[in-house]
Every structure is written in structure tokens, then in C-alpha cells.
Amino acid sequence: MSKSWYIVHTYSGHEAKAKQSLLERARNFGSEEEFEEILIPEENVVEIVKGEKRTSKRKFFPGYILVRMNLTDETWHIVKDTPKVTGFVGGGERPTPIDDDEVARMTAQMKEGASKPKPKISFEEGESVRVISGPFANFSGFIDEVLPEKEKVRVMVQVFGRATPVMLDYMNVEKA
């Protein structure tokens, strides 16, 4: 039989422990060759904490892992009885496999996120913000335009009583 991707539901926040437990159980039952890959879909995000840039990981689907495996009665029970796992996603007697193309898109997004982390905060036009660094530090204003692909915002700040547009990186502003 060929191996397929399945979505497995876990306790939220325990995806890594569920992955480790599943690998150990497969090894204990001598079925590790039935499990090809276990994936926790996540990406890197950048946030500012106390004025410092910090990169962290954000899960695409909290509480879910992807497992590429050969589905048999034995492997089904190995997964179902794993600690921190609540079961497969998909109704009926047998879980439904997901497309390899869908998993390929997720892994491409994960690789892109690893090389170019996304900002954790998103901004909207009209939103009030405060500039936290650069020549306009401590100025307040509102967002006139958002350029998500460049991770920049155009902020209208008051300089000498006039609204002046200033182009800033996401990292230079915070929500007011």
C-alpha cells in the first residue's frame, strides 16, 4: 500500500509531545516503517517585545498534526491510542487522506516563513498607531495606507500642526 497524509487532532499546545509519543509508540510496536513523516505545520513570525525584535513560531492549525502513513488497523490503533491525540479528522469508519498537493503548499509556506518571517501584528487603514523608533519616535497618528507585501505602513503624523505622511516599517509602529 502507498502512504497517504492524514490530519490527526491533538490537544492544543501539545502537538510536539503528541508527535514524539506517536513516534515512540510506532517504534515500540515495530511499525516505524509504516509512518513516513509527522509534520507540525508552523511558520516563523516576528514580534516586538519590550522594544526588541523576537522571532517565534506560530502554528497554522493549532491542535493538529499531519501524518504520512500506511493506514492499517494496527497503525490506526497506534495513532488513536497515543497520549495527547484525540483522533483522526474525517468522518466514518476510516479517516479521509488529504491531497499531496495541499501538503506541498503547506510545506512551501513553512519554508518561506523560515527564510522570511512574517510580522505577528497586522494593521488596517484608519487605525491609530504610535511610532516607537526612528526620527518620529513618540509621535502618534493614524494609518493612511498598508503595504503588507513590503511590511510597511504610511502613517499620517502631526508635524507643526499639519498632517504629514511618513512611510514606516511594521517594526517601527505599535497599535495605540
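Please refer to the structure higher up on the page.
Residues numbered from 1 in each chain as written. Predicted model: local features only at pLDDT ≥ 70, side-chain atom pairs only at ≥ 80, totals over all residues. Heavy atoms only, no water.

## Examining helix H1 (residues 15–28)
For the record, the criterion: Per the convention used, a helix needs a DSSP run of H or I reaching at least four residues, while a strand needs a run of E reaching at least two, with both numbered from the N terminus. Between the first and last residue of a helix there are one fewer steps than residues, each counted as 1.5 Å, and that sum is the expected span. The classification of residues rests on relative accessible area computed with a 1.4 Å probe and restricted to protein chains. Under 20% of the type maximum is buried, over 50% is exposed, and intermediate values are partly exposed. Relevant arc is that of directions from the helix axis to the C-beta atoms, nothing else. Note on definitions: a residue-residue contact is assigned when non-hydrogen atoms from the two residues lie within 4.5 Å.
Relative to the 20 Å expected for 14 residues at 1.5 Å per residue, H1 spans 20 Å between its end C-alpha atoms, a close match to the ideal helical length. Listing the buried residues of H1 in full gives Glu15, Ala18, Ser21, Leu22, Arg25 and Ala26. Along the long axis of H1, the arc covered by the buried residues comes to 135 degrees, so they all point the same way. Every exposed residue of H1 that faces more than 90 degrees away from the buried side is listed here: Ala16, Lys17 and Asn28. Turning to H1, the residues buried within the fold contact strand S1 (4–10), strand S2 (35–39), strand S4 (52–59), strand S5 (64–69), helix H2 (73–80) and strand S6 (85–88). Where H1 terminates, the next one or two residues include Gly30, which has phi positive at roughly 70 degrees.

## Details of unusual backbone geometry
Positive phi, normally seen in glycine, also occurs at Lys84, with a value near 75 degrees. Secondary-structure assignment places Lys84 in the loop between H2 and S6. The residue Glu151 is not glycine, and still its phi comes out positive at about 55 degrees. Position of Glu151 among the secondary structure elements: in the loop between strand S9 (140–147) and strand S10 (152–159).

## What to know about H2
Three or more residues of H2 are buried, namely Thr75, Ile78 and Val79. Across the axial projection of H2, the buried residues extend over an arc of 95 degrees, all falling on one side. The secondary structure elements touched by the buried residues of H2 are S1, H1, S2, S5 and S6.

## Observations regarding the pattern of salt bridges
Our working definition: Salt bridge, as used here: a side-chain nitrogen of Lys or Arg that lies within 4 Å of a carboxyl oxygen of Asp or Glu.
For the structure shown, the criterion picks out 10 salt bridges. The closest approach of N and O atoms between Glu43 and Arg58, which form a salt bridge, is 2.9 Å. On the criterion of sequence distance, the pair formed by Glu43 in strand S3 (residues 42–49) and Arg58 in strand S4 is long-range, its members being 15 residues apart. For Arg58, a relative accessible area of 31% puts it in the partly exposed group. Its salt-bridge partner being Asp73, residue Arg94 comes within 2.2 Å of it at the nearest N-O pair. Of this pair, Arg94 sits in the loop between S6 and helix H3 (100–115) while Asp73 sits in helix H2, and the two are 21 residues apart along the sequence. By relative accessible area, Arg94 is classed as partly exposed at 37%. Among the charged side chains, a network of salt bridges with common partners joins Glu36, Arg68 and Asp100.

## Points about the packing of H1 against H2
Here is the rule we go by: Axes here refer to lines fitted to C-alpha atoms; in helices the fit is confined to the stretch in contact. Angles between the N-to-C directions go from 0 to 180 degrees. Comment on the angle field: the value is read as roughly parallel under 35 degrees, roughly antiparallel over 145, roughly perpendicular from 65 to 115, and oblique elsewhere. Handedness of a crossing follows from how the near helix is turned relative to the far one, being left-handed for an anticlockwise turn of less than a right angle and right-handed for a clockwise one. When residues are grouped by polarity, Ala, Val, Leu, Ile, Met, Phe, Trp, Tyr, Cys and Pro land in nonpolar, Asp, Glu, Lys and Arg in charged, and all others, Gly among them, in polar.
The interhelical angle for the contact between H1 and H2, taken along N-to-C directions, is 140 degrees, at an axis separation of 9 Å. Comparing the axis directions of H1 and H2 gives the class oblique. Seen along the crossing, H1 lies across H2 with a hand that is right-handed. Facing Leu22, Arg25 and Ala26 of H1, the residues of H2 in contact are His77, Ile78 and Val79. When the residues that make up the contact of H1 with H2 are grouped by side-chain class, the tally is 4 nonpolar, 1 polar and 1 charged.

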